[in-house]
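Commentary on secondary and tertiary structure
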Amino acid sequence: MDIRRDVFQAIADPTRRAILSLVAIQAMTPGAIAENFDSSRQTISKHIKILTECELLEQVQNGREIYYHINAKKMKDVADFIEPFRQMWDDRFNKLETIMKNYKDII
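The rules we used
Residues numbered from 1 in each chain as written. Predicted model: local features only at pLDDT ≥ 70, side-chain atom pairs only at ≥ 80, totals over all residues. Heavy atoms only, no water. Helix = DSSP H or I, 4+ residues; strand = E, 2+ residues; numbered from the N terminus. Rg over C-alpha atoms; globule rule 2.2 N^0.38 Å. Buried < 20%, exposed > 50% of the residue type's maximum accessible area, 1.4 Å probe, protein only. Contact = heavy atoms within 4.5 Å. Areas by Shrake-Rupley, 256 points an atom, 1.4 Å probe, with all protein chains shown as cover. Lys, Arg positive; Asp, Glu negative; His and termini not counted. Charge placed at Lys NZ, Arg CZ, Asp CG, Glu CD. Core = buried A, V, L, I, M, F, W, Y, C linked by side-chain atoms within 4.5 Å. Pairing = 2+ DSSP bridges.

**Remarks on the overall build of the protein**
- Each helix and strand counted, the protein has five helices and two strands in total.
- What you see for the protein is a C-alpha radius of gyration of 19 Å, clearly larger than the 13 Å of a compact globule of 107 residues, by over 25%.
- For the protein, the C-alpha atoms occupy an extent of roughly 70 × 30 × 25 Å along the three principal directions.
- Out of the 107 residues belonging to the protein, those deemed buried represent 24%.
- Excluding contacts between residues fewer than 6 apart, the proportion of contacts in the protein whose partners are at least 24 apart in sequence is 52%.
- About 8000 Å² of surface is accessible on the protein, with carbon and sulfur atoms providing 54% of the total.
- The protein carries 16 positive and 16 negative side-chain charges, and their two centres are separated by 2 Å.

**Looking at the nonpolar core**
- Of all hydrophobic cores here, the largest spans 19 residues; its most connected members are Ile19, Ile33, Ile44, Ile48, Leu51, Leu56 and Leu57.
- Elements with a contribution of two residues or more to this core: helix H1 (7-12), helix H2 (14-25), helix H3 (30-34) and helix H4 (41-53).
- Looking at this core element by element, the count peaks at four residues for H4.
- In this view, Ile44 contacts Thr15, Ile19, Ile33, Ala34, Phe37 and Ser39; residues no more than four positions away in its chain are not counted.

**Quick look at the pairing of strand E1 (residues 57-62)**
- Of the pairings in the sheet, the one linking E1 to strand E2 (residues 65-70) comprises six bridges and is antiparallel in character. Its bridge partner lying in E2, Leu57 is registered against Ile70.
- What sits between E1 and E2 in their antiparallel hairpin is a turn of two residues, with Gly63 showing a positive phi close to 70°.

**Considerations on the environment of Met28**
- Relative to the helices and strands, Met28 is located in the loop between H2 and H3.
- Looking at Met28, the relative accessible area reads 9%, which means it is buried.
- Apart from residues no more than four positions distant in its own chain, Met28 is found in contact with Leu22, Val23, Ile33, Asn36, Ile66, Tyr67 and Tyr68.

In structure tokens form, the structure reads like this:
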């Protein structure tokens, strides 16, 4: 059975975002990833599994080791989805900044 997880639920967790940040720099083994956290290896493995299931991480076997690396295409898909919302909020904050500057000039 192929479990499909929601990408946004996956990246909502701070530990999983930290794992993505680590693996974005270089491919890492599960053990190397776990060394960066106070959580148990089992907990980190569950986080890695979730990230892999929603295709944010990909695994490559190199001999006996498995290395995880970021799936740049999937991350770009997420970024592309978020971009219009970022632009909307930037526009709103810029308008608010203008209003606040005008208000400050009045006082």
